[in-house]
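# Residue-level structural notes
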Amino acid sequence: MPTSTASTKDPTHMLRTHTLRPTRASPRLAGLKPARSQSPSRAGGSTPATSSAKPARKAGGKPQPEYEFGGPAGAAGVMLLLPLVIGFLYAGCGKHGCIRLPEDALDVLAAAPLAPLWDWTAAAVVAGWTALHFLLYVALPGPRVEGVVLADGSRLKYPMNGHLAFWLSLAGFWHGLPLLGCKQSWVYDAYLPLATAACALSVALSVWSHALSYLPNTPLAEGGQTGNPVYDFFIGRPLNPRIGSLDLKACCELRPGLVGWAVLNLGLAAKQHEQQGEVSWSMVAVVGGQLLYVWDALYNEQAILTTMDITTDGFGFMLAFGDLAWVPFTYSLQARSLVGPSPVR
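Residues numbered from 1 in each chain as written. Predicted model: local features only at pLDDT ≥ 70, side-chain atom pairs only at ≥ 80, totals over all residues. Heavy atoms only, no water.

## Things to note about the overall build of the chain
Helix and strand counts for the chain stand at 14 helices and 8 strands. For the chain, buried positions account for 48% of its 345 residues. A sequence separation of at least 24 residues applies to 76% of the contacts in the chain between residues at least 6 apart. Of the roughly 16,100 Å² of accessible surface on the chain, 65% is carried by carbon and sulfur atoms. (Helix = DSSP H or I, 4+ residues; strand = E, 2+ residues; numbered from the N terminus. Buried < 20%, exposed > 50% of the residue type's maximum accessible area, 1.4 Å probe, protein only. Contact = heavy atoms within 4.5 Å. Areas by Shrake-Rupley, 256 points an atom, 1.4 Å probe, with all protein chains shown as cover.)

See the structure below:
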């Protein structure tokens, strides 16, 4: 996620008049990514940034891949474990109670409400929501700014219309759903199927992105060229996978998942109001604070163009799952836990 930047009368001025250099890593996945050292030329110069550190070489001169996350076995474990973590958080904290101590775990998990893992309506909603943000990315008006210099000397252009997409999405969710005969609180009732569908979509998008990396003249992330198919699929092989003017990585970084987190929170607040006739101050604080965080990210959207997610990392399972599933369905845990009979007031 981008860090906040000071607002100016023309927020794109710095992007148009200065060369962008990769200087930050996304805080969203900072806890999952091992630290990477930066060379002086990358930190302070205009050297094109397309990859992580160079692979080490064996004594015979053959390149030896540098692995993160424990290598292929660790990458496979992460891909299997993270969806289970989302399910565990759903069962481990809700209106039925939350796990506070290890000895509480079995009782809380046993009291968790049974819910279907898959629902075709929820799957259609997740797919439609993501497709909508792909459309807004390419169709909405807004300045087009250049990213960092790539290895071939070119610079990709990115539309900066996320702020408008944010407000249109919130308005459509709050005022459009009732027109379709659906309450905003439905997202609470369908929370687990929505999360499952988001996990499935992230896998599908990862497969699609990986397939695109084998097209001719596709820029590749150095970290995703180890030759191990499991690890490369996880870490991301293509650097900037694009379908026409749609940049999959840049769009997913802030749009469907991050705005989806804000929408989920609003739906959870609506569910609390539906059950209790009011919204608690604790819910107001959580939803308001997190909504401000999301708004700030979209208002300062241009800041992502110098994050490691955009300049260096490939677009694979790690980013796709983090953007589309991990962010909305773990970051909304606080609001979902407040939808209960006795919220903190």
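The structure having been displayed, the exposition proceeds.
## Section: helix α3 (residues 71-92)
Spacing of three or four residues puts side chains on the same side of an α-helix, whose turn is 3.6 residues. Taking 1.5 Å of rise per residue, 22 residues should cover 32 Å, and α3 covers 30 Å from first to last C-alpha, within 8% of that figure. Buried residues of α3: G71, G74, A75, M79, L82, I86, Y90, A91 and G92, and no others. (Expected span 1.5 Å × (residues − 1).)

## Things to note about the pattern of salt bridges
Two side chains carrying opposite charge are able to pair once their charged atoms lie near each other. This model, assessed by the stated rule, comprises 6 salt bridges. R155 is the salt-bridge partner of E146, the closest N and O atoms lying 3.6 Å from each other. (Salt bridge = Lys/Arg side-chain N within 4 Å of Asp/Glu carboxyl O.)

## With respect to the state of the cysteines
Disulfides are covalent bonds that link the sulfur atoms of two cysteine residues. In the structure shown here, the tally under the stated rule is 1 disulfide. Covalently, C93 is tied to C98 through a disulfide, its sulfur atoms 1.9 Å apart. Where C93 bonds to C98 through sulfur, the torsion about that S-S bond is close to 60 degrees, and the disulfide is right-handed. Taking relative accessible area as the criterion, C93 reaches 11% and is therefore assigned buried. Free of any disulfide, C252 has its nearest cysteine sulfur in C251, 5.5 Å distant. (Disulfide = S-S within 2.5 Å.)

## Points about the nonpolar core
Ranked by internal contacts, the top residues of the largest apolar core, which has 72 residues, are I86, F234, L258, L298, F321 and F329. For this core, the element with the most residues is helix α10 (residues 248-276), which contributes 14 residues. Contact partners of I86, with chain neighbours within four places excluded, come to A195, C199, F321, A325, W326, F329 and T330. (Core = buried A, V, L, I, M, F, W, Y, C linked by side-chain atoms within 4.5 Å.)

## What to know about the side chain of S202
Topologically, S202 is positioned in helix α8 (residues 191-212). You can call S202 buried: its relative accessible area is 0%. What S202 contacts, discounting residues up to four positions off in sequence, is F317, A320, F321 and L324.

## A word on the environment of G223
Checked against the element boundaries, G223 lands in the loop between α8 and α9 (229-235). When the C-alpha positions of G223 and P238 are compared, they lie 9.9 Å apart, and in sequence the two are 15 residues distant.

## A word on a nonpolar patch on the surface
Nonpolar side chains collect at one region of the surface, where L117, W118 and W120 lie side by side and expose about 410 Å² of accessible area between them. Structurally, W118 can be placed in the loop between α4 (105-111) and α5 (120-139). (Patch = residues over 30% accessible without salt bridge, like charges linked within 9 Å, V, L, I, M, F, W, Y side chains within 5 Å.)

## Side note on the packing of aromatic side chains
Enumeration according to the criterion identifies 12 aromatic pairs in this entry. Centre to centre, the rings of Y90 and Y191 are 6.2 Å apart; their planes meet at 15 degrees, and the pair counts as stacked. Placement of Y90 in helix α3 and of Y191 in helix α8 is noted, with a sequence separation of 101 residues between them. Exposure remark for Y191: the relative accessible area of 3% places this residue in the buried category. (Phe/Tyr/Trp six-rings, centres within 6.5 Å; stacked < 30°, edge-to-face > 60°.)

## With respect to the side chain of N265
Here N265 is to be found in helix α10. Since its relative accessible area comes to 2%, N265 is described here as buried. The contacts of N265, once residues within four sequence positions are left out, are V287, Q290, S332 and A335.

## Quick word on the confidence of the model for the chain
Predicted confidence across the chain gives a mean pLDDT of 83, with 81% of residues reaching 70 or more. Counting contacts from residues 1-25, a segment whose pLDDT is below 50, to residues more than four positions away or on other chains yields 54 contacts. Per-residue pLDDT stays below 50 along residues 35-54; that stretch engages in 42 contacts with residues further than four places along the chain or on separate chains. (pLDDT = per-residue confidence, 0-100.)

## Examining unusual backbone geometry
For F69, which is not glycine, the phi torsion reads 60 degrees and is therefore positive. On the secondary structure map, F69 appears in the loop between β2 (63-64) and α3. Although it is not a glycine, N217 adopts a positive phi angle of roughly 60 degrees. Tracing the backbone through its elements, the reader meets N217 in the loop between α8 and α9. For N217, a relative accessible area of 80% corresponds to the exposed category.

## Considerations on the environment of Y214
As for its position among the elements, Y214 is in the loop between α8 and α9. Taking the C-alpha atoms as reference, Y214 lies 8.4 Å from P238; in sequence the two are 24 residues apart. A polar contact is formed between the side chain of Y214 and the side chain of H210, at a distance of 3.4 Å. (Polar contact = N/O pair within 3.5 Å; in protein donor to acceptor, adjacent residues only side chain to side chain.)

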